[in-house]
Amino acid sequence: MKIENINQVWIEPFNSRELEVLHLLSDGLSNREIAEKLYLSIDTIKWYNKQLYIKLGVSNRTQAAKKAAELKLLETNQIFSTQEKGHAAGNLPAQISSYVGRKREIGEIRELLRKNRLVTLTGVGGSGKTRLALKVAEKLQGSYPDGVWLVELAKIHEPSLVLPTIANVFNVVEKADATLGEVLKRKLSRKHLLLLIDNLEHLLDSAPLISELLAAAPQLSVLGTSRERLHIYGEQEYPVQPLNLPDPDKMLTGEELRKFESITLFIKRAGAVNPNLSLDEGALQHLARICVRLDGLPLAIELCAPMVKVFPLGVIAERIEKSLSAIPAGPRDLPARHQTLIKTLQWSSDLLTEDEKLLFERLAIFNGGGTLEAIGAICVDGISKDIGNLISALVNKNLVLAIERRDGEIHFSLLETIRHYNLERLTANGEIEPLSKLHAEYFTRLAELAEDEFGTPKHKYWFLHLKFEQDNIRSAMDWILRASNSDLGIRLAVALYHYWVNYGFSREALRWNEQALEKSKSAAPVLKAIALRTIGDLCTYISEFERAKSLLNQALDIFRELKDEGNEAWALILFGYAHIMRVDDLPFGIEMSKKGIEKFKKLNDHSGMILGLNILGDLYRVYGELQTAKNCYQESLQYAQESGEKIREAIQLSNLGVVAYEEKEYLLAENLLQQALEKFLDLDATYGMSYHIGSLAGPSLGLGKNLKAARILGASAAGMDSIENPYQLAEEAIMDNISKDTLEALNKETFMKAFQEGQRMSLHEAVAYALNDSDETG
């Protein structure tokens, strides 16, 4: 569909974030001001600026603002869509092996060719561009009276040889009165045909020739394949993605796995060398591992499948997870660069400039990709060109994926197959250790910045940002522990405390902190004490209260000796909370927490006050003093709302909802708990949603929504099973009572049916259901 605006045809779309940046840029804000307003890094804003300049056809922000005003882009929120624009003769080779899947892609490309005269299939090496193009061409043979013709350029290395290669396909030769190009144009001008030009990526300088041929021959269409687009007028790019894959985090049945194209291709190719291949449920699970490891790349699957003649699928999975070199060479009739996967990747790498190659390889240090800021901090040494421009070039060559994440940052990543290849290169050239150190230092600083801003309006940004960087953080910690970098290990582990806990990873957090402390023979006393305090607090999350008391007491002694009142205050309130288990210990716990709160007041530490009053409220609630508990929660809520600390605001709303439920104010309780759940959902806080959703079962039951209460209980049970933080004792007792009362309100069969329906809901489905004010009774 063509969208026109003031005589401008947009070949590439503007997304909502680009329009947002364009608005602020046009208002005269600097890059730093835009970054602060949108909670993004300056490097990311620079990236967006470059994309805007390209799409607007300008070179600076002043011109961009002027052009945007001329085109009235800022008067609408419209996001522009991409422009769509008997046996025939030909020389297509007969395909020996069967073609698997890609029905949707084939249909889409055929439709694009119906509307556009130049379509370029782009994608990483091994993604199946050539086979897909040949399949499309085969399907279109009857649509072009003068045939479909293939021009193969893989063996051509000089752009000047492209013209004679095309001419040779049509048996065109130079004449005395005309050049070869003129003769070819004359011949094609009278033809209605499709020209399939394969492997253009290393001959991009020849792209103007294609424009000339299209201009000379009005009924000529071109279908090209290239690692990157040709950047000529009228080109319609079609990115070719790898074959679809199963989610490695989901347990799927064998029948479900067989529906994935990547697995179907492997089975077909493996069956060609081993007709008796047995594929039970276990074998299909191994096969899924293999296809995921190969990123669904058709070439990689085709090369790997013959291994079934020698190895069981489980062994193949283990071998290729260790090294890509385990994948054998393919058939001798394949192009040389496709005879092994490593040769294919080497081919792509060899086409890069020296700076592009350095950056391309170094991106492998990121586990799951990185932002421009991170890439610039870690990978820049020895690179002379601008990192943003180099990244753009690699994205255009389809070697790097650019994805806008929910935190607003652009994330640049490699397919895992390519990443492992590049990791081997980094290891071979001695770069892996220095890059790993820079990587670990960067993510430690990032985690500490997030921790410092936990109690600010940037709270939501950091929650989402750390979630997306979770794999990088784990890789950084792995390297730190292997390198025995004691200070760095403790710094990273303790800085991530809020993140791990609020996403339900308390046991993992405990493990990291324990290992970091164990390696901390030379760490400063204050760091050791902070680690002891963090480990002690994490022990309370898994109900190891006696161990928590011991560790927190040790931390207190060190902080007092160091006269560190701020850290002492934190240790005091956490030490107080560790006494929540027994009623006889509660007065002492309340006294310790009050001492911590007094210190926080003295230090004007609002974040400390929020947590301190939260803990004091919990202790009073378990002690049976509900009004005092409510006062503590309300004061904590006020501090949280003032500071913008959304997660604590959600927790206090939930706490007040539980108190309202205990006081039998069911409508108020439901309202408060739903407000809390909405905030947890907005932050995508797994622990908050899983832990607090169950509390809504009580008000639902009190309001006569018995079936809803049972379903919520089932969803809550499933959610808590998926995280590492169990219910605290007080909440566990409440949940047990609600479950018992709901069972009594419904007969056992009805209760179990509704409970199991809740268990089958995903966490987000369960939250949506809990927030729906239905009037179900039962």
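What you are looking at is a predicted structure, and each value in this text was computed from that prediction instead of being measured.

1. Notes on the overall build of the protein
For the protein, the helix and strand inventory stands at 39 helices and nine strands. Projected onto its principal axes, the C-alpha positions of the protein cover 105 × 60 × 55 Å. When burial is assessed residue by residue, the protein has 55% of its 778 residues classed as buried. Treating the 90 positive side-chain charges of the protein as one cloud and the 106 negative ones as another, the clouds have centres 6 Å apart.

2. Some words on the confidence of the model for the protein
In this model, the protein carries a mean pLDDT of 84, and residues with pLDDT of at least 70 account for 91%. The model gives residues 76-87 a pLDDT under 50, and that stretch makes 40 contacts with residues more than four places away or in other chains.

3. Topic: the pattern of salt bridges
Taken as a whole, this structure holds 33 salt bridges when the rule is applied. For Glu670, the salt bridge goes to Lys705, with nearest N and O atoms at 3.0 Å. On the criterion of sequence distance, the pair formed by Glu670 in helix H33 (residues 666-683) and Lys705 in the loop between helix H35 (697-702) and helix H36 (706-721) is long-range, its members being 35 residues apart. Take Glu670: its relative accessible area is 6%, and that puts it in the buried class. By relative accessible area, which is 7% here, Lys705 ends up buried.

4. Section: helix H5 (residues 103-115)
Between its first and last C-alpha, H5 extends 19 Å over 13 residues, near the 18 Å set by a 1.5 Å rise per residue. Taken together, the buried positions of H5 are Glu105, Ile106, Ile109, Leu112 and Leu113. Mapping the buried residues of H5 onto a view down its axis gives an arc of 130°, with all of them on the same face. Exposed residues pointing more than 90 degrees away from the buried face of H5 are listed as Lys103, Arg104 and Arg114. Looking at the buried positions of H5, the neighbouring elements they touch are strand E3 (118-122), helix H6 (129-139), strand E5 (193-198), strand E6 (220-226) and strand E7 (235-239).

5. Quick word on the packing of helix H11 (residues 261-273) against helix H12 (residues 281-293)
The contact between H11 and H12 brings their axes to 10 Å, and the two run at 110°. The angle between H11 and H12 places the two elements in the roughly perpendicular class. Every residue of H12 that contacts H11 at Ser262, Ile263, Phe266 and Ile267 is listed here: Leu284, Leu287, Ala288, Ile290 and Cys291. Classifying every residue of the contact of H11 with H12 gives eight nonpolar, one polar and no charged.

6. Some details on the pairing of E6
Among the seven residues of E6, seven are classified as buried, and the element is accordingly described as predominantly covered. Of the two faces of E6, the one holding Leu220, Val222, Gly224 and Ser226 and the one holding Ser221, Leu223 and Thr225 are both buried throughout. Both E3 and E6 contribute to a ladder of five bridges, which runs parallel. When the bridges of E6 are listed, Thr122 appears paired with Ser226. The pairing of E5 with E6 spans five bridges and is parallel. Across the sheet, the residue bridging to Leu193 is Leu220, located in E6. Between the parallel elements E5 and E6, the chain passes through helix H9 (residues 207-216) in a crossover that is right-handed.

Conventions and cut-offs
Residues numbered from 1 in each chain as written. Predicted model: local features only at pLDDT ≥ 70, side-chain atom pairs only at ≥ 80, totals over all residues. Heavy atoms only, no water. Helix = DSSP H or I, 4+ residues; strand = E, 2+ residues; numbered from the N terminus. Buried < 20%, exposed > 50% of the residue type's maximum accessible area, 1.4 Å probe, protein only. Lys, Arg positive; Asp, Glu negative; His and termini not counted. Charge placed at Lys NZ, Arg CZ, Asp CG, Glu CD. pLDDT = per-residue confidence, 0-100. Contact = heavy atoms within 4.5 Å. Salt bridge = Lys/Arg side-chain N within 4 Å of Asp/Glu carboxyl O. Expected span 1.5 Å × (residues − 1). Arc of directions from axis to C-beta. Axes fitted to C-alpha atoms, helices over the stretch in contact; angles between N-to-C directions. Parallel < 35°, antiparallel > 145°, perpendicular 65-115°, else oblique. Nonpolar A, V, L, I, M, F, W, Y, C, P; charged D, E, K, R; others polar. Pairing = 2+ DSSP bridges. Right-handed = clockwise from strand over helix to strand, strands pointing away.

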